[in-house]
Structure formats: C-alpha cells, structure tokens
Amino acid sequence: MVIVDGDFRYEIRRAGELIAVETESLAWGLIRGMRRPASGSNLYEVEADLDDAGLVRRVAVSYNRGPFTRNAAYESVDSFLRGYISAGGSRNDLTTKLGRYGEVDADLVIFRALTIAHIRERAQTRWTGRIAAIDPNTLVAVTSKQSCRQRGNDPHLWIYEPRMGDSEEIEIDDSGLILRRRDSRGVETVLVSKEPVSE
C-alpha cells in the first residue's frame, strides 16, 4: 500500500474553533471514514475498496441531515467512474470520466494523501491532472482539473490546488500520512491521533 494502514482522527478548525471531526481507517485495502460537525447530528460517511496500486475500485458514500438521507455508490470501470445516487425513493445514474491516473477523491483527508502518495511514487514533484471528485453535499461525482507541487526541496511539504483560486498547504510524514492541512479560507485540519489497525 502506498500509505500506512491505521486508524486516524483529525480535527478541523477555523480561527481555532472546532468545526468538525473526521475519523478514518485504512486496512487491507479498505478505507472507512466519517466526518461529523462539532455541533449537530449531520454525518458524512465513506467506504472505499482500493486495488493493489492504491486506486479506488469501488466507493460508497452517504450523508444524513436530520431526517434526510442520501446514498451513492460508484465503481471504476475502464476509464469511467459509474454509479448512482438514491434519495427519497428516487435513483439517478451517473457517469464521469476518470483522469489519466485514475484518481478518485471522496472528500476525506485520506484521499488527498493517496493522490500525493501516487505523485511521489512516480517521482514527480509537480503534477496537474484530472480527478473524479465526489461532492460531500450532493454526492455527485464530477471530473475536474487539479494540481499539486512540492514546496521547495522539502518532500514533506506540498501545495495542492483542488480548483481555480483555492489552495492548500499540506504537511506529510515519511509514511505519506497527512499531519496538517491549511486551506486558503483559513480552515485547518490536524491529525490528533494515529493508531495501528484495529483487529
């Protein structure tokens, strides 16, 4: 695997105030994760199967907002991410094209770590490409151009641009795990605990 297995907990803050908590686990090619706001009962959940190269084969996402629930499931097939969204008794089929390297981002920190790990594995310090990104509010997957570059000569510091006008400063450890991420809007995500894989 391109990043270390384990159980991880992140705190997401703006101006020092806790706004959400994200918990994730990676074990034997399976990602499970969830994000909860610091106040309220909303819940965003992700489960993804990875292949031997650490690319997403299948991903299921859901969110609950009070009585409202929405679910989606996608699968990487050939050069496309194909799936459906279900909510309120209806179902909509969706397809979006994968980029050249087959990256999928389901909006948890671990997916950003995977993308950077793949860039490092290819011995690149600068990359621009297309990623199939799943919006955590609508669960719709859309392909967009993103870019990433190593900051200076430090392999632990990266600048990531998920869309035009937005940027993130990311610090990783030797294993590829994200320790800290700060975006251009002042939102900071910090790793607060890391444990070996739960049995």
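1. Brief notes about the nonpolar core
Consideration 1: One finds Tyr44, Val59, Val61, Phe111 and Ile134 to be the most contacted residues of the largest nonpolar core, which totals 43 residues.
Consideration 2: When residues of this core are assigned to their parent elements, the largest contribution, 8 residues, is made by helix α1 (residues 109–121).
Consideration 3: When neighbours within four sequence positions are excluded, Phe111 is seen to be in contact with Ile31, Val46, Ala48, Val56, Val104, Asp105 and Ala106.

2. Overview of the environment of Ile170
Consideration 1: Summarising the element assignment, Ile170 is placed in strand β13 (residues 168–172).
Consideration 2: Residue class for Ile170 comes out buried when judged on its relative accessible area of 2%.
Consideration 3: It is 7.3 Å that separates the C-alpha atoms of Ile170 and Tyr160, two residues lying 10 residues apart in sequence.

3. Here's the deal with empty space enclosed by the protein
Consideration 1: On inspection of all chains with the given rule, the structure shows 1 cavity of 30 Å³ or more.
Consideration 2: What lines the largest cavity is Gly54, Leu55, Val56, Glu103, Val104, Phe111, Leu114, Thr115 and His118.
Consideration 3: A per-class count over the lining of the largest cavity returns 5 nonpolar, 3 polar and 1 charged.

4. Thoughts on unusual backbone geometry
Consideration 1: One non-glycine residue, Asp107, lies in positive phi territory at about 65 degrees.
Consideration 2: Structurally, Asp107 can be placed in the loop between β9 (104–105) and α1.
Consideration 3: One non-glycine residue, Ala123, lies in the positive phi region at around 60 degrees.
Consideration 4: In this structure, Ala123 sits in the loop between α1 and β10 (126–134).

5. Some remarks on the layout of surface pockets
Consideration 1: When its volume is computed, the largest pocket comes out at roughly 1100 Å³.
Consideration 2: For the largest pocket, the lining is made up of 38 residues, of which Arg35, Asp107, Pro136, Asn137 and Arg185 are closest to its centre.
Consideration 3: Along the lines of polarity and charge, the residues of the lining of the largest pocket split into 15 nonpolar, 8 polar and 15 charged.
Consideration 4: Considering only enclosed or pocket space, the second largest pocket measures out at about 160 Å³ in volume.
Consideration 5: For the second largest pocket, the full set of lining residues is Asp7, Phe8, Arg9, Thr23, Glu24, Ser25, Arg32, Gly33, Met34, Glu45, Val46 and Ser193.
Consideration 6: Sorting the residues of the lining of the second largest pocket by element identifies β1 (6–14), β2 (17–27), β3 (30–37) and β4 (43–50) as the ones contributing at least two each.
Consideration 7: Residues of the lining of the second largest pocket, tallied by class, amount to 3 nonpolar, 4 polar and 5 charged.

6. Examining the pattern of salt bridges
Consideration 1: What the rule picks out here adds up to 15 salt bridges.
Consideration 2: Taking the shortest distance from any N to any O, the salt bridge between Arg32 and Glu47 comes out at 3.1 Å. With Arg32 in strand β3 and Glu47 in strand β4, this pair connects stretches of sequence that are 15 residues apart.
Consideration 3: For Glu47, a relative accessible area of 38% puts it in the partly exposed group.
Consideration 4: Measuring nitrogen to oxygen at the nearest pair gives 3.6 Å for the salt bridge that ties Arg149 to Glu161. Within this pair, whereas Arg149 is found in strand β11 (residues 141–150), its partner Glu161 is found in strand β12 (residues 157–161), the two being separated by 12 residues in sequence.
Consideration 5: Taking the relative accessible area as the measure of exposure, Arg149 reaches 30% and is therefore partly exposed.
Consideration 6: The class of Glu161 is partly exposed, set by a relative accessible area of 31%.
Consideration 7: Taken together, the shared-partner salt bridges connect Asp105, Arg112, Glu168 and Arg181 into one network.

7. Re the packing of aromatic side chains
Consideration 1: Scanning the model with the defined rule gives 1 aromatic pair in all.
Consideration 2: When the centroid spacing of 6.1 Å and the interplanar angle of 45 degrees are considered together, the rings of Tyr63 and Phe68 count as tilted.
Consideration 3: For Phe68, a relative accessible area of 35% puts it in the partly exposed group.
Consideration 4: Lying over the aromatic face of Tyr63, Arg65 brings its terminal NZ or CZ to 4.5 Å of the ring centre.

Procedures and definitions
Residues numbered from 1 in each chain as written. Predicted model: local features only at pLDDT ≥ 70, side-chain atom pairs only at ≥ 80, totals over all residues. Heavy atoms only, no water. Core = buried A, V, L, I, M, F, W, Y, C linked by side-chain atoms within 4.5 Å. Buried < 20%, exposed > 50% of the residue type's maximum accessible area, 1.4 Å probe, protein only. Helix = DSSP H or I, 4+ residues; strand = E, 2+ residues; numbered from the N terminus. Contact = heavy atoms within 4.5 Å. 1 Å grid on protein atoms, 1.4 Å probe; cavity = no way out; pocket = protein on both sides within 12 Å on 5 of 7 lines; lining within 4 Å. Points joined across faces, edges and corners; volume = space filled by probe spheres on them. Nonpolar A, V, L, I, M, F, W, Y, C, P; charged D, E, K, R; others polar. Salt bridge = Lys/Arg side-chain N within 4 Å of Asp/Glu carboxyl O. Phe/Tyr/Trp six-rings, centres within 6.5 Å; stacked < 30°, edge-to-face > 60°. Lys NZ or Arg CZ within 6 Å of the ring centre and 35° of its normal.

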